[in-house]
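# Architecture and fold: a report
Here is what each chain is made of, one letter per residue.
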Amino acid sequence: MMEEEEFEFAEDLEAILHLTPEVQLAIEQVFPSQDPLDRADFNAVEYINTLFPTEQSLANIDDVVNKIRLKIRRLDDNIRTVVRGQTNVGQDGRQALEEAQKAIQQLFGKIKDIKDKAEKSEQMVKEITRDIKQLDHAKRHLTTSITTLNHLHMLAGGVDSLEAMTRKRQYGEVANLLQGVVNVLEHFHKYMGIPQIRQLSERVKAAQSELGTQILADFEEAFPSQGSKVAWLDKIDRRYAWIKRQLVDYEEKYGRMFPEEWCMTERIAVEFCHITKVELAKVMRTRAKEIEVKLLLFAIQRTTNFEGLLAKRFTGCTLTDQKRKESPLHSTNPFLEDEPGEDVAHFPLLSQPRKPKAPDNPFHGIVSKCFEPHLYVYIESQDKNLGELIDRFVADFRAQGPPKAGTEEGGAVLPSCADLFVYYKKCMVQCSQLSTGEPMIALTTIFQKFLREYAWKILSGNLPKSSSNSGGLTISSLLKEKEGSDAAKFTVDELCLICSILSTAEYCLATTQQYVLIVSLFSQCDLKQYSATRSRSRCCL
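Each chain carries its own residue numbering, running from 1 in the direction its sequence is written. Reporting in this predicted model follows two pLDDT cut-offs: at least 70 for local features of residues, and 80 or more for side-chain atom pairs to be given and counted; totals over whole chains, interfaces and linings ignore these cut-offs and use all residues. Derived side-chain values reflect all non-hydrogen atoms in the structure, with water molecules and hydrogen atoms excluded from consideration.

For the protein chain, an unreviewed UniProt entry supplies the name Vps53 N-terminal domain-containing protein and the organism Scophthalmus maximus.

Spelled out as structure tokens, the structure:
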């Protein structure tokens, strides 16, 4: 009967405890078990077949049943214990809920008290902060007032002292005091609407103006004005010697009066150069007829030497921006290059240019620029000298006779040609030190004229006569091929002379083209002018 009751109880319990798959999965995750009895899909038949797989295993059925019953009793005991333990849970839960509600009410009361105290504290902090801000503003205004009053006291006293020292010419004390007064006055720019402050500012400006006028008068009285008259070009070295002495005397006596960064010595030298340039230009315009070549070159040499001395002594920092723009960073004058140390007859090819020297003299031309309008005297002198040089070449050629075959001179370039270009290069060097513009082009034009005379008088004029050409030979006719009776007959010495003339003409043509290109580069000639000059050079040769 007991077994039947247990079986019925199990069926009823199974019907009641039919759990959903989600609940069953949660139970398996919380209470994992490998017991087949705990599985949701438990099958009693399969479980019994598992316990008794064969007929022989039925012999142990009593033991298995006893174990199962023992397990059932343990489960029943556990269930009874749990059920009995939960009988008082409802009453305990209600009591705990009431206690929790009371604790919550007490907590709300304390929170309200804390909130009220926090509001009172916040109001108190605001009042304290407001008082502190007021005190900070008061302190700041008080500090500003005290500082302004101190500055006003210093300004008033400084202005009085400045006016007294100005009257006594105490420049050393004034230099320090004036800077301090100006610095203090800067603090009162926003108070210039106040009449007393504006009056103090006007007194400072008046003292500064009086100081400037007074110091200039003292310097005019201290510096002698002797030696200011303009001398002629033959006395130009005395002018430069005078300024040297004045600069040395200035540095010894007055050099410490001015800050070093003002570069007063250089400023005096630059102003002297400007005055000298203007005065020399006036004198040379007035006495233009008295200017001679030697005198002009003497003055140019002394002036360029003085400019070089200034470059060694000063940095040129006081020169104006316009002067710096006029001074090129890199020179295009090929005559500023180092000498090659070769024979003057061998000139560098145009395809092998050398790096030019960059002029490092910022004072170049600061005085010597005034000689440019009078360089025509030098150009006219070179016109005369080149004419005399050509006449001497003609006389020497006639006296020495044409080069003979079998000698070193036979078939070589005529020595007079090298002398002509050496002289022209010397003239170009002298001219390029002052100007690379119109004077250089004028000198080139003169050389072109005498190069043509050299071609006619020395080269074409000394070609041998031929029986087939009674009018005489020309270089162009020599270059034409003739056959039979038209071919000219020459002796060995005549052929040697012809070769020398042709070599000289070829040398002149190549060298002239190089010089024409050089002149066009630093004279800033355009390509059309260069091409025209090159064509004229070819024609004359």
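Next comes the rest of the description.
Strands are runs of DSSP state E lasting at least 2 residues, helices are runs of H or I lasting at least 4, and numbering of each runs from the N terminus. Of regular secondary structure, the protein chain possesses 17 helices and zero strands. Expressed as a percentage of its 541 residues, the buried residues of the protein chain come to 27%. The protein chains shown are the only cover counted for residues, whose accessible areas, like all others here, come from Shrake-Rupley with a 1.4 Å probe. Counting every atom, the protein chain has about 37,800 Å² of accessible surface; 56% of that belongs to carbon and sulfur. Think of it in three bands: residues with accessible area under 20% of the maximum for their type are buried, residues over 50% are exposed, and the middle band is partly exposed, with areas taken using a 1.4 Å probe on protein chains only.

Before going further, it helps to examine the pattern of salt bridges. Salt bridges, as used here, are contacts in which a Lys or Arg side-chain nitrogen is within 4 Å of a carboxyl oxygen on Asp or Glu. In the structure shown here, the tally under the stated rule is 14 salt bridges. Among the salt bridges present, the one from D77 reaches R80, with a minimum N-O distance of 3.2 Å. Taken as a pair, D77 and R80 lie in helix α4 (residues 61-85) at a separation of three residues, close to a single helical turn. Under the relative-accessibility criterion, D77 is labelled partly exposed at 43%. Taking relative accessible area as the criterion, R80 reaches 42% and is therefore assigned partly exposed. D160 is paired through a salt bridge with R203; the nearest N and O atoms lie 2.7 Å apart. Residue D160 is found in helix α5 (residues 89-168), and its partner R203 is found in helix α7 (residues 195-222); the two are separated by 43 residues along the sequence.

The axes are straight lines fitted to the C-alpha atoms, using for helices just the contacting stretch, and the angles between their N-to-C directions are given from 0 to 180°. Running from N to C, helix α8 (residues 236-254) and helix α10 (residues 293-313) cross one another at 20°; their axes reach a closest spacing of 9 Å. When the interaxial angle is binned, α8 and α10 end up roughly parallel. Taken as a pair, α8 and α10 cross one another with a handedness that is right-handed. Of the residues in α10, those in contact with I236, D237, Y240, I243, K244 and E251 of α8 are F298, A299, R302, T303, F306, L309 and R313. Lys, Arg, Asp and Glu make up the charged group, whereas Ala, Val, Leu, Ile, Met, Phe, Trp, Tyr, Cys and Pro make up the nonpolar group; the residues left over, Gly among them, are polar. Residue composition of the contact of α8 with α10, by class: seven nonpolar, one polar and five charged. The cut-offs work like this: below 35 degrees is roughly parallel, past 145 is roughly antiparallel, 65 to 115 is roughly perpendicular, and the gaps in between are oblique. Crossing handedness is defined as follows: a turn of the near helix away from the far one that is anticlockwise and smaller than a right angle gives a left-handed crossing, while the clockwise case is right-handed. By the convention used here, residues are in contact when the closest approach between their heavy atoms is within 4.5 Å.

This next bit is on the packing of helix α12 (residues 376-400) against helix α13 (residues 415-432). Remark: α12 packs on α13, axes separated minimally by 11 Å, with the N-to-C direction vectors making an angle of 170°. By the angle class used here, α12 and α13 are roughly antiparallel. Contacts between α12 and α13 involve Y378, Q382, N385, L386, L389, I390 and F393 from the first element and S416, D419, L420, Y423, C427, Q430 and C431 from the second. Among the residues forming the contact of α12 with α13, the class breakdown is nine nonpolar, four polar and one charged.

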